[in-house]
Amino acid sequence: MHTLNFNIYATLVCMVAVLLLGRLIIKRVKFLRDYDIPEPVVGGVVAAIFILAIYKFSSIELKFDSSLKDPLMLAFFTSIGLSADFASLKKGGKMLGVFLIVVVGLLFLQNIIGIGIAEAMGVNPLMGMLGGSITMSGGHGTGSAWAVVFKDLPYNFSPAMEVAMASATFGLVSGGIIGGPVARYLIKKYNLKTPLKSGNKPNESEEVAPVGFESPKKERLITTSSFVESLALIAVALLIGTSVSDFVKNHMSYTLPTFVWCLFVGVILRNFLSAFNIHKVFDREVAVLGNVSLSLFLAFALMTINLWELVALALPMFVILVCQVVVMILYAVFITFRFCGKDYDAAVFAAGHCGFGLGATPTAMVNMQTITNHYGYSHTAFIVVPLVGAFFIDIVNSLVITGFLYLPVFH
């Protein structure tokens, strides 16, 4: 067996190549475009299969430099924290609080189901966590971050990354499939009044495009100076977050993963700067930095996974994920729809919840756009769902996951 080592520069080239490969494949495969499968997931899986073939047939093992892995992951979660503007709560009003409570309820349910099925099938309960809210409501970013934690002491769950990526991808596709049918079922079953019902044309106000950050009227330009400012915010949050994490690990028995500390520091920094009018965070620029960091991190995580470790776990993982999809459908119909008002807006909320309850916020937006293109616009849903799905869900999910890990079954 020969080992081929890639230094940091060669590793970076491979990560970028994975992203470009994923983009090329997605352009040519309609299914991948329709369900918004991320570029690093597509390219990373292809790269992992290629690396596995090299390992099996030529006895050459590829070793990549992992120096960039943790900084990229932490930068992504810091960007999430810097996007969490508590002043945005006013935009959603009461419905934002109601929907957030509904979403939190699903987080608990997803973890209970995952752990329960894993225990019943005699597999590591960490698989249940990874098939729970970590990947279902957290997506690939949260899944990969917790997989890094679970692979190390004290958990030592070696196939964590493989399980996380497979679960997140399954959820992403499923969330895009079920959202539209769930909303259509609710609209027809309850004969809901929609903006375009009975062929009535919406008035001018109903044809107004989405408001808020979904479709801003004027975009601020990304410049060198603004980019440096946003990069500085992320760097400061990373410094403080990692320092706090190291201090807590060394002096306290209770701790959180480092990325959670960075996320919290980002939240505090953003809202401190806003409260005292010191600096206005450039949300779109921060999101660009965060998305690039996540894409590169996922590319590295996926091209280095061991696909053969999934074989023995395929059946229990499949059972957990199918159950999660069924529960998501029932939850959207009987909980999300009812608590959000049992009207047309509530049906759109249900479609959106299916999207990021199993996948990601972009999937939720696609689900809602599909419904509103057919039945008419829902301004409330297009304000509230992105606010919850874009950053509040990650903050709450981190706390819920950490709480579950203190259960006796994990010790």
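Preceding block: the structure.
Definitions and cut-offs
- Residues numbered from 1 in each chain as written.
- Predicted model: local features only at pLDDT ≥ 70, side-chain atom pairs only at ≥ 80, totals over all residues.
- Heavy atoms only, no water.
- Core = buried A, V, L, I, M, F, W, Y, C linked by side-chain atoms within 4.5 Å.
- Buried < 20%, exposed > 50% of the residue type's maximum accessible area, 1.4 Å probe, protein only.
- Helix = DSSP H or I, 4+ residues; strand = E, 2+ residues; numbered from the N terminus.
- Contact = heavy atoms within 4.5 Å.
- Axes fitted to C-alpha atoms, helices over the stretch in contact; angles between N-to-C directions.
- Parallel < 35°, antiparallel > 145°, perpendicular 65-115°, else oblique.
- Left-handed = near helix turned anticlockwise from the far one by under 90°.
- Nonpolar A, V, L, I, M, F, W, Y, C, P; charged D, E, K, R; others polar.
- Phe/Tyr/Trp six-rings, centres within 6.5 Å; stacked < 30°, edge-to-face > 60°.
- Lys NZ or Arg CZ within 6 Å of the ring centre and 35° of its normal.

S.K.: Describe in detail the nonpolar core, supporting the description with residues and values.
M.R.: The biggest cluster of nonpolar side chains holds 131 residues, and the ones touching the most others in it are Phe99, Met129, Phe150, Phe157 and Leu405. Here the element with the most residues in this core is helix α9 (residues 160-189); it accounts for 12 residues. Not counting the four nearest positions on each side in its chain, phenylalanine 157 is found in contact with Asn124, Leu126, Met127, Leu130, Phe150, Lys151, Val163 and Leu313.

S.K.: Describe in detail the packing of α9 against helix α14 (residues 344-358), supporting the description with residues and values.
M.R.: In contact at an axis separation of 7 Å, α9 and α14 are set at 165° when each is read in the N-to-C sense. It follows from the interaxial angle that α9 and α14 lie roughly antiparallel. Crossing hand, α9 versus α14: right-handed. From α9, Gly171, Leu172, Ser174, Gly175, Ile178, Gly179, Val182, Ala183, Leu186 and Ile187 reach across to α14, where they touch Tyr344, Ala347, Ala350, Ala351, Cys354, Gly355 and Leu358.

S.K.: Kindly report on the environment of methionine 368, identifying the contributing residues and their values.
M.R.: Structurally, the position occupied by methionine 368 is in helix α15 (residues 361-375). When the C-alpha atoms of methionine 368 and arginine 270 are compared, they prove to be 29 Å apart, with 98 residues separating the residues in sequence. Those residues within four positions of methionine 368 in sequence are excluded, and the remaining contacts are Val348, Gly352, Ala381, Phe382 and Val385.

S.K.: A description of the packing of helix α4 (residues 69-82) against helix α11 (residues 258-275) should follow, citing residues and the corresponding values.
M.R.: Where α4 meets α11, the axes come as close as 7 Å, and the angle between the chain directions of the two elements is 35°. As for how α4 packs across α11, the hand of that crossing is right-handed. Across from Met73, Leu74, Phe77, Thr78, Ile80, Gly81 and Leu82 in α4, the residues of α11 making contact are Thr258, Phe259, Cys262, Leu263, Gly266, Val267, Leu269 and Arg270. A per-class count over the contact of α4 with α11 returns 10 nonpolar, four polar and one charged.

S.K.: Quick one: what's the story with the packing of aromatic side chains, residue by residue and with numbers?
M.R.: Enumeration over the complete set of coordinates arrives at 13 aromatic pairs. Judged by centre distance (6.4 Å) and plane angle (85°), the rings of phenylalanine 170 and phenylalanine 318 are edge-to-face. Within this pair, whereas phenylalanine 170 is found in helix α9, its partner phenylalanine 318 is found in helix α13 (residues 314-339), the two being separated by 148 residues in sequence. You can call phenylalanine 318 partly exposed: its relative accessible area is 49%. Put simply, the rings of Phe76, Phe77, Trp146, Phe150, Tyr155 and Phe259 pair up and form one aromatic cluster. Here the guanidinium or amino end of lysine 189 rests over the ring plane of tyrosine 190, the centre of that ring lying 5.6 Å away.

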